[in-house]
Amino acid sequence: MTNDLIIRYYFITLLLSVLCTALYIWRWNRHFNTTATMIYVLVPLVNMGYLFAALSVNLEEALLANKICYLGGCFLQLFYTLSLFSLCNIPVRKSVKLLLFAFAFFLYANVAGVGYGGQYYKEVHFAIQDGRPTLFKVYGPVHALFYLSMLLYTVVSIGVLLYAYRKKREVSRVMLALLVLTEAVDVGTFFLNRVFLKEIEWVAATYVFTQLMYLIIVDRICLYDVTGTVAESMVQNGGTGLFSLDFKRRYLGSNETARVFFPEFAALRADKEIPAEGEPFARFAAELSHFDREGTEREFLYERGERSYKCSVGYLWDGKRKRGYRLTITDDTESRKYIRLLNNYNVDLIKEVEEKTAHIRKIQNKLVLGMAMMVEGRDNSTGGHIN
């Protein structure tokens, strides 16, 4: 294969990876996985490295391109494996993530040090072979760790997929099938590349394939995040107002619905303490103090003119950390009108029952007196006694 065809191949894979990243940015929302986002950041950079390697004309250019390419080998596999854990709802401790990242950084530091030390490559030379720029390398001891890490990432990834298939009923089987297909293509391509068309890196194309699969996966994963999607749906329909403060009762923010309910929110400035007097802030401050004492979520009704607002006070959570207070506000006017209507109906019904009862008693008394008068007409002594 000529170098011109190789350059075209790398150019096309670079272009496709950039397009996939652009699609991901266009589709992005806050429910997307962070590790998946890093995949879309790194893949165009890595594919650009492969293109630069094919265009290099001396050792310095070839080494720089090689170092860019190794961003994929050192970090992409890490982020891909962590994304599998996240997508399969398997928690990973922060300490484990930190150790893995430190190991990846250690590997890449050795790659970046090529030309200054011999830990990764003992020797490296550049030559144009059959019209193609080529690096001839003598591997150092750290290079063995790189292949070991690739093997471990592959084994762990397969183990995660098998575990999720057998134990995680809440994980979509469609998503698992796409992840298995991605893993099979990545692993299969890696080994085939060692046998066929060794002059090009097939991994550049498999990275693009991984991006395409993840576009489908991350687009659907939001649907399975019930907590996030339902909460966002409640906010988007305009019926729920949100208002947040830090623990020093400094204003953090509010949504448009909350500012419609309480126009006073629009005058607040971020990071400034809310007023202690005046409505609605005095009432909110009292409810916050009550919440501080009890420590459990509190609901209360706030009446303003003809409107009734159902409010709840709780903690503002950032992951597992409490960062402040969260006030949720919904317009409860119609429900309150209905309750008042029922209460009025009950009062009217009780009054009507009492009137009917009194009327029945009067009828009973008249009936008894009528019977007494009838008896008296026949027997004055008995009739008078009944009366």
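Residues numbered from 1 in each chain as written. Predicted model: local features only at pLDDT ≥ 70, side-chain atom pairs only at ≥ 80, totals over all residues. Heavy atoms only, no water.

Caption draft 1: Summary view of the overall build of the protein. Secondary structure summary: the protein contains 12 helices and 7 strands in total. Per-residue burial for the protein yields a buried fraction of 37% across its 387 residues. Here the protein displays about 23,600 Å² of accessible surface, and carbon together with sulfur accounts for 61% of that area. (Helix = DSSP H or I, 4+ residues; strand = E, 2+ residues; numbered from the N terminus. Buried < 20%, exposed > 50% of the residue type's maximum accessible area, 1.4 Å probe, protein only. Areas by Shrake-Rupley, 256 points an atom, 1.4 Å probe, with all protein chains shown as cover.)

Caption draft 2: Quick look at the sheet that holds strand β5 (residues 298-304). If you trace the 5 strands from one edge of the open sheet to the other, you get β4-β3-β7-β6-β5, paired in antiparallel fashion. At either margin of the open sheet sits one strand with a lone partner, and together these are β4 (251-254) and β5. Sheet twist, expressed as the mean angle between neighbouring strand axes with direction ignored, is 25°. In this structure, β5 lies alongside strand β6 (residues 307-318), joined through 7 bridges in antiparallel fashion. The partner of Phe300 across the bridge, within β6, is Cys311. Its contacts with the sheet put helix α10 (residues 281-294) on β3 (240-246), β5, β6 and β7 (321-331), and the angle it makes with β5 is roughly 170°. (Pairing = 2+ DSSP bridges. Axes fitted to C-alpha atoms, helices over the stretch in contact; angles between N-to-C directions. Contact = heavy atoms within 4.5 Å.)

Caption draft 3: The pairing of β7, seen in detail. When β3 meets β7, the two strands line up antiparallel, connected through 7 bridges. Of the residues in β7, the one forming a bridge with Thr240 is Thr330. Relative to β7, β6 runs antiparallel, the two sharing 10 bridges. For Gly314, the partnering residue across the bridge sits in β7 and is Arg326.

Caption draft 4: Examining a positive patch on the surface more closely. A contiguous patch of positive charge on the surface is contributed by Lys94, Lys97, Lys320 and Arg321. Its location among the elements puts Lys94 in helix α4 (residues 94-112). Among the residues examined, Lys94 registers a relative accessible area of 75% and is labelled exposed. (Patch = residues over 30% accessible without salt bridge, like charges linked within 9 Å, V, L, I, M, F, W, Y side chains within 5 Å. Salt bridge = Lys/Arg side-chain N within 4 Å of Asp/Glu carboxyl O. Lys, Arg positive; Asp, Glu negative; His and termini not counted. Charge placed at Lys NZ, Arg CZ, Asp CG, Glu CD.)

Caption draft 5: Quick peek at unusual backbone geometry. Between Glu279 and the following residue, Pro280, the backbone shows a cis peptide bond with an omega angle of 5°. Phi is positive for Arg249, close to 60°, though the residue is something other than glycine. Mapped onto the elements of the fold, Arg249 is located in the loop between β3 and β4. Positive phi outside glycine occurs at Asp271, with the angle close to 70°.

Caption draft 6: Seen up close, helix α1 (residues 3-27). Taking 1.5 Å of rise per residue, the 25 residues of α1 would be expected to cover 36 Å, and the 36 Å separating its terminal C-alpha atoms lies within 8% of that figure. Listing the buried residues of α1 in full gives Asn3, Ile6, Ile7, Tyr9, Tyr10, Thr13, Leu14, Ser17, Cys20, Thr21 and Tyr24. (Expected span 1.5 Å × (residues − 1).)

Caption draft 7: Region of the structure containing the packing of α1 against helix α2 (residues 34-55). Where α1 contacts α2, the two axes come as close as 9 Å, and the packing angle between them is 160°. Accordingly, the angle class assigned to the pair α1 and α2 is roughly antiparallel. Crossing of α1 against α2: the hand is left-handed. On the side of α1, the interface is formed by Asn3, Ile6, Ile7, Tyr10, Phe11, Thr13, Leu14, Ser17, Val18, Cys20, Thr21 and Tyr24, while α2 contributes Ala36, Thr37, Tyr40, Val43, Pro44, Asn47, Met48, Tyr50, Leu51, Ala54 and Leu55. For the contact of α1 with α2, the per-class residue count stands at 17 nonpolar, 6 polar and no charged. (Parallel < 35°, antiparallel > 145°, perpendicular 65-115°, else oblique. Left-handed = near helix turned anticlockwise from the far one by under 90°. Nonpolar A, V, L, I, M, F, W, Y, C, P; charged D, E, K, R; others polar.)

Caption draft 8: Expanded view of the environment of Asp331. Inspection of the secondary structure puts Asp331 in strand β7. Residues Asp331 and Thr257 lie 74 residues apart in sequence; the distance between their C-alpha atoms is 9.9 Å. Not counting residues up to four positions away in its chain, the partners in contact with Asp331 are Gly239, Phe261, Arg307, Ser308 and Tyr309. For Asp331, the side chain forms a polar contact with the side chain of Arg307, separated by 2.6 Å. (Polar contact = N/O pair within 3.5 Å; in protein donor to acceptor, adjacent residues only side chain to side chain.)

Caption draft 9: Up close: the pattern of salt bridges. Inspection of every chain in the model, using the stated rule, returns 8 salt bridges. Notably, a salt bridge pairs Glu287 with Arg283, separated by 3.0 Å at the nearest N-O pair. Of this pair, Glu287 and Arg283 both sit in helix α10, separated by 4 residues, roughly a single helical turn. Looking at Arg283, the relative accessible area reads 26%, which means it is partly exposed. A salt bridge links Arg307 to Asp331, with the nearest nitrogen and oxygen atoms 2.6 Å apart. Taken together, the residues span a long stretch of sequence, with Arg307 in strand β6 and Asp331 in strand β7 at a distance of 24 residues.

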